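Structure at a glance
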Amino acid sequence: MTLVEHSPLTRKLSAFVALSEVELAVLERLHERRRSFVAGRDMVHQGQSSQAAYILSAGWVCSYKLQADGTRQIVDFQVPGDFLGLRSVLLRTSDHSFEPIVDIEAAEVMTSDLLDAFAQTPRLATAILWAASRDEAMVVEHLVGIGRRDADARMAHFLLELASRLALVGMGSKDGYDCPLTQYHLADALGLSAVHVNRVLRQLRESGRVTFRDGHVTIHDHDRLVDLAEFDPAYLDQIGPLLK
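Quick look at the sheet that holds strand E8 (residues 172-173)
Across the sheet, which stays open at both edges, the four strands sit in the order E8-E9-E11-E10 with antiparallel pairing between neighbours. Strands at the two margins of the open sheet, each flanked by one partner only, are E8 and strand E10 (210-213). Relative to strand E9 (residues 176-178), E8 runs antiparallel, the two sharing two bridges. Counterpart to Gly 172 in the pairing with E9 is Tyr 177. The strands touched by helix H6 (residues 151-168) within the sheet are E8, E9, E10 and strand E11 (216-219), with E9 carrying the most contacts at an inclination of about 75 degrees.

Some details on the packing of helix H4 (residues 111-120) against helix H5 (residues 122-148)
At a closest axis distance of 5 Å, the pairing of H4 and H5 adopts a crossing angle of 120 degrees. Of the possible angle classes, the one that applies to H4 and H5 is oblique. In contact with Phe 118, Ala 119 and Gln 120 of H4, H5 contributes Pro 122, Ala 125 and Ile 128. Of the residues belonging to the contact of H4 with H5, the class tally is five nonpolar, one polar and no charged.

Quick notes on the domain arrangement of the protein
Assigned domains of the protein: these are domain 1 (3-134) and domain 2 (149-236). Residue-level contacts link 18 residues of domain 1 with 17 residues of domain 2. With both sides pooled, the region where domain 1 packs onto domain 2 buries about 1,700 Å², and carbon together with sulfur makes up 65% of that total. For domain 1, the biggest contributors to the area lost against domain 2 are Trp 60, Phe 77 and Arg 134; these three give 42% of the whole. Our enumeration of links across domain 1 and domain 2 arrives at three salt bridges. Notably, a salt bridge pairs Arg 165 with Asp 82, separated by 2.7 Å at the nearest N-O pair.

Here's the deal with the UniProt feature "domain: HTH crp-type" (unreviewed entry) in the protein
As recorded in UniProt, the sites labelled "domain: HTH crp-type" (unreviewed entry) are residues 149-223. In residues 149-223, the share of helix is 55% and the share of strand is 17%. The end C-alpha atoms are 18 Å apart.

What about the side chain of His 31?
With respect to the element layout, His 31 can be found in the loop between helix H2 (21-30) and strand E1 (34-37). Among the residues examined, His 31 registers a relative accessible area of 3% and is labelled buried. Setting aside residues up to four positions removed in sequence, His 31 forms contacts with Val 4, Ser 7, Leu 9, Ile 55, Ser 57 and Ala 107.

Digging into the nonpolar core
Ranked by internal contacts, the top residues of the largest apolar core, which has 39 residues, are Met 155 and Leu 181. Every element with two or more residues in this core is listed here: strand E3 (61-66), strand E4 (72-78), H6, helix H7 (183-190), helix H8 (194-206), E10, E11 and helix H9 (222-229). Take this core: its biggest share by element is nine residues, from H6. Split by domain, this core shows at least three residues from each of two domains, domain 1 (3-134) and domain 2 (149-236).

Some remarks on the environment of Val 22
Within the secondary structure, Val 22 is located in helix H2. A relative accessible area of 55% means that Val 22 is categorised as exposed. For Val 22 and Leu 124, which are 102 residues apart along the polypeptide, the C-alpha to C-alpha distance reads 9.8 Å.

The rules behind each value
Residues numbered from 1 in each chain as written. Predicted model: local features only at pLDDT ≥ 70, side-chain atom pairs only at ≥ 80, totals over all residues. Heavy atoms only, no water. Pairing = 2+ DSSP bridges. Helix = DSSP H or I, 4+ residues; strand = E, 2+ residues; numbered from the N terminus. Contact = heavy atoms within 4.5 Å. Axes fitted to C-alpha atoms, helices over the stretch in contact; angles between N-to-C directions. Parallel < 35°, antiparallel > 145°, perpendicular 65-115°, else oblique. Nonpolar A, V, L, I, M, F, W, Y, C, P; charged D, E, K, R; others polar. Domains from an automatic or database assignment. Buried area = accessible area lost by both parts, 1.4 Å probe. Salt bridge = Lys/Arg side-chain N within 4 Å of Asp/Glu carboxyl O. UniProt positions renumbered as here; feature names shortened; annotations may be inferred. Buried < 20%, exposed > 50% of the residue type's maximum accessible area, 1.4 Å probe, protein only. Core = buried A, V, L, I, M, F, W, Y, C linked by side-chain atoms within 4.5 Å.

Shown next as structure tokens:
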């Protein structure tokens, strides 16, 4: 049994396809170029060309877009098992940046290696397309959240989504998970001020739904949190393999 069989990416893709030994071997080769990156230093810059993609093995990353005035909008957070820069590999330049939130470990995947893997194992290619489609579905939910949900529901939805994503890779559950995000990260991602984030988290804690403290999210009442957020996890599509 190889290390890749227990990797976060394998756990994630297994929600879509039951991977064969051949597909696991190809996935193992995609993990060969292992690298470490320190927190706070961009690993991919907005506008960068000829960059690789990365498979996040450990740690958290934020993807963000810079505005002309120097302000930034966090687009999403990546957790172990996620691809970084997959879209940018197939385009000429990266349209946003990736910054490790903590020290991370990631496998560097060159474009040629990725295309070879797709050619050798079409089912694995389909699974990676599923993962990319799922990422797109999350971006849609984030847009709806910023545009239509009030602050309490927006925060609740975001915390529930993280719980589902982390549970898929064995790093969380409906009861809670470790989370290195600061209130400033949450503010940038959710379109709120840091003061408003603090107020919303206090309200959620005092209502007995969820507590986010000292790097850990504790979900006290999952059902009530789901009701507040009107959270339907169907868009995450992780109920079991579609391809056997």
